[in-house]
Amino acid sequence: MLVGLIQSRWMERLDMANASPLLDTLQSQFSNLYRAPPSFIARAPGRVNLIGEHTDYNDGFVLPIALDRAVYLAARPRADRTVRVVARDFAGARAEFSLDAITRDDKSAWSNYLRGVAWALEQRGARLRGCDLVIAGDVPIGAGLSSSAALEVAAAMALCVGAGLVPVRLSRVEIARVCQRAENEFVGVQSGIMDQFVSALARAGHALRLDCRDLTYEYVPIPRSVSIVVCNSMKSRGLVESAYNERQAECDAAAQRLGELLGKPVKALRDISLAELESKAKELTGTLARRARHVISENQRVLDAVRNMRENKAAAMGALMNASHASLRDDFEVCCDELDALVEIAIAQYGCWGARLTGAGFGGCTVN
Ligand code: GLA
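None of the values given here were measured: they were computed from a predicted structure. (Residues numbered from 1 in each chain as written. Predicted model: local features only at pLDDT ≥ 70, side-chain atom pairs only at ≥ 80, totals over all residues. Heavy atoms only, no water.)

Draft legend 1. Quick peek at the site of the ligand. Around the ligand, the neighbouring residues are Arg-47, Glu-53, His-54, Asp-56, Tyr-57, Ser-191, Gly-192, Met-194, Asp-195, Tyr-244, Gly-359 and Ala-360. Within the backbone of Gly-192, one N or O atom sits 2.9 Å away from an oxygen atom of the ligand. One of the side-chain N or O atoms of Asp-195 is found 2.6 Å from an oxygen atom in the ligand. Its free accessible area being 310 Å², the ligand has 92% of it covered by the protein chains. (Near = heavy atom within 4 Å. Polar contact = N/O pair within 3.5 Å; in protein donor to acceptor, adjacent residues only side chain to side chain. Areas by Shrake-Rupley, 256 points an atom, 1.4 Å probe, with all protein chains shown as cover.)

Structure follows, in structure tokens:
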């Protein structure tokens, strides 16, 4: 039986023949578990960021693309307010909760993404319906390719479609914001908005240039002559959470100090130019100066990258990626030996225009 497949671009129905082979097993597993077929399947992709790292929480620019790997949620709305869910990627682990009392469950931490999204949607005024759900996906977990953001976006779509709220009441931008809120306030991870945004709004064959301050965005065609290769270091990102929060705090401190030194209102590092930073090189030194230099120069690299992609200048784009990697390694200090080795090997290959670590760092993947 074929059921409708709803992807992050609302209501676009995929040709089932081209959809992931995962879908067949997902549908039969759903039917076996719940004794009825799913009403629909929601799909949201993982992402890889071409350039613009650690800029989103500084109100800056990012340039991610969606992957051809995704999280799928088979769903069947219920008449009550109970959500039942089975996660195939966690050995068939199960969770169940009521939409009338949504609490965290750290024994099935994976389910907190779903609970968080339901919580954030209800906080925003949506009246949801209960659902039976099965989750499956082929985005590697913990590899820095945003499997959790994909789960959040797929969950938001499944819950909204199940409750009849889409596309009339919630835009895809709002979905991304709801998912970020779920991650920040419910799951408790202080991420920026890049991952959820691109999972909800990506377009095939294009990168998405997002201004993380006002959420304006544009689609930038990926030149046809170029392939994008993601390499997984297989190094788990153990340090990532504490270091991520530390980097955010350092960026905020640098922005505040620069505001004082420059005597102008500064909300985030986005508000400062490289020339302004250099003019205060004597007063702001050490770690904060390096963190600021990464973010401010990286914002400029995103804007330059967009221009180069539009003009089909692969060599110039590659040079920006190499510069981004060096900046993340030396100024922002989120690299590790494994990522450095992968980048070094890649740029020595004939035909590789550029390479860099992608995502939060300390492990995970490179983009080439
Ligand atoms: C993680 C976060 C994003 C972003 C990147 C670094 O992926 O979830 O919001 O901050 O790190 O660019």
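Draft legend 2. Representation of the packing of helix α4 (residues 172-187) against helix α5 (residues 194-201) in the model. Their axes nearest at 8 Å, the elements α4 and α5 cross at an angle of 145°. The way α4 lies across α5 gives a crossing that is right-handed. Residue-level contacts link Arg-172, Val-173, Ala-176, Cys-179, Gln-180 and Glu-183 of α4 to Gln-196, Phe-197, Ala-200 and Leu-201 of α5. Class assignment of the residues belonging to the contact of α4 with α5 gives a composition of six nonpolar, two polar and two charged. (Axes fitted to C-alpha atoms, helices over the stretch in contact; angles between N-to-C directions. Helix = DSSP H or I, 4+ residues; strand = E, 2+ residues; numbered from the N terminus. Left-handed = near helix turned anticlockwise from the far one by under 90°. Contact = heavy atoms within 4.5 Å. Nonpolar A, V, L, I, M, F, W, Y, C, P; charged D, E, K, R; others polar.)

Draft legend 3. Structural context of the environment of Tyr-244. Within the secondary structure layout, Tyr-244 lies in helix α6 (residues 240-262). Note: C-alpha distance between Tyr-244 and Leu-288 (44 residues apart in sequence) is 15 Å. Aside from chain neighbours lying at most four places away, what touches Tyr-244 is His-54, Asp-56, Tyr-57, Gln-190, Ser-191, Gly-192 and Ala-360.

Draft legend 4. Representation of the nonpolar core within the structure. If you look at the biggest cluster of nonpolar residues, it comprises 81 residues, and the most contacted ones within it are Leu-63, Leu-73, Leu-121 and Leu-133. Take this core: its biggest share by element is 11 residues, from helix α3 (residues 147-162). Filtering out sequence-adjacent residues up to four positions away, Leu-63 remains in contact with Asn-49, Leu-50, Ile-51, Ala-207, Leu-208, Arg-209, Val-220, Val-302, Ala-305, Val-306 and Met-309. Membership of the second largest hydrophobic core comes to 26 residues, among which are Leu-261, Val-266, Val-295 and Cys-335. (Core = buried A, V, L, I, M, F, W, Y, C linked by side-chain atoms within 4.5 Å. Buried < 20%, exposed > 50% of the residue type's maximum accessible area, 1.4 Å probe, protein only.)

Draft legend 5. Examining the packing of aromatic side chains more closely. Overall, the coordinates contain five aromatic pairs when judged by the stated rule. Here Trp-119 and Phe-186 contribute two aromatic rings whose centre-to-centre distance is 5.8 Å and whose plane-to-plane angle is 40°, an arrangement assigned as tilted. Of this pair, Trp-119 sits in helix α2 (residues 111-123) while Phe-186 is found in helix α4, placing the two residues 67 residues apart along the sequence. On the accessibility criterion, Trp-119 (18% relative accessible area) is buried. (Phe/Tyr/Trp six-rings, centres within 6.5 Å; stacked < 30°, edge-to-face > 60°.)

Draft legend 6. Seen up close, the pattern of salt bridges. Across all of its chains, the model carries 32 salt bridges by this definition. One salt bridge in this structure joins Asp-132 and Arg-78, with 3.1 Å as the shortest N-O distance. Pair noted here: Asp-132 is in strand β7 (residues 131-137) and Arg-78 is in the loop between β4 (64-77) and β5 (82-87), with a separation of 54 residues, a long-range link. There is no split in this pair, since Asp-132 and Arg-78 are both buried. Here Arg-290 ties to Glu-333 by a salt bridge, and the two come within 2.8 Å at their closest N and O atoms. Note that Arg-290 is positioned in helix α8 (residues 286-310) and Glu-333 in the loop between α9 (314-330) and α10 (337-347), a separation of 43 residues in sequence. (Salt bridge = Lys/Arg side-chain N within 4 Å of Asp/Glu carboxyl O.)

Draft legend 7. Quick peek at the sheet that holds strand β10 (residues 230-232). Strand order across the open sheet formed by three strands is β10-β12-β11, with antiparallel pairing between neighbours. The sheet is open, and its two borders are formed by β10 and β11 (356-357), each paired with just one other strand. Sheet topology note: the β11/strand β12 (residues 365-367) ladder contains two bridges and is antiparallel. Bridge pairing links Arg-356 to Val-367 in β12. Contacting β10, β11 and β12, α10 runs over the sheet at an angle of about 30° to β12. (Pairing = 2+ DSSP bridges.)

Draft legend 8. Broad picture of the packing of α2 against α3. One can describe the packing of α2 onto α3 by two numbers: an axis separation of 9 Å at closest approach and a directional angle of 50°. Considering the angle they form, α2 stands oblique to α3. Handedness of the crossing formed by α2 with α3: right-handed. In this structure, α2 uses Tyr-113, Leu-114, Val-117, Ala-118 and Leu-121 to contact α3, whose residues at the interface are Ser-148, Leu-151, Glu-152, Ala-155, Ala-156, Leu-159 and Cys-160. For the contact of α2 with α3, a count of residues per class yields 10 nonpolar, one polar and one charged. (Parallel < 35°, antiparallel > 145°, perpendicular 65-115°, else oblique.)

Distances and angles like these do not, on their own, reveal function.
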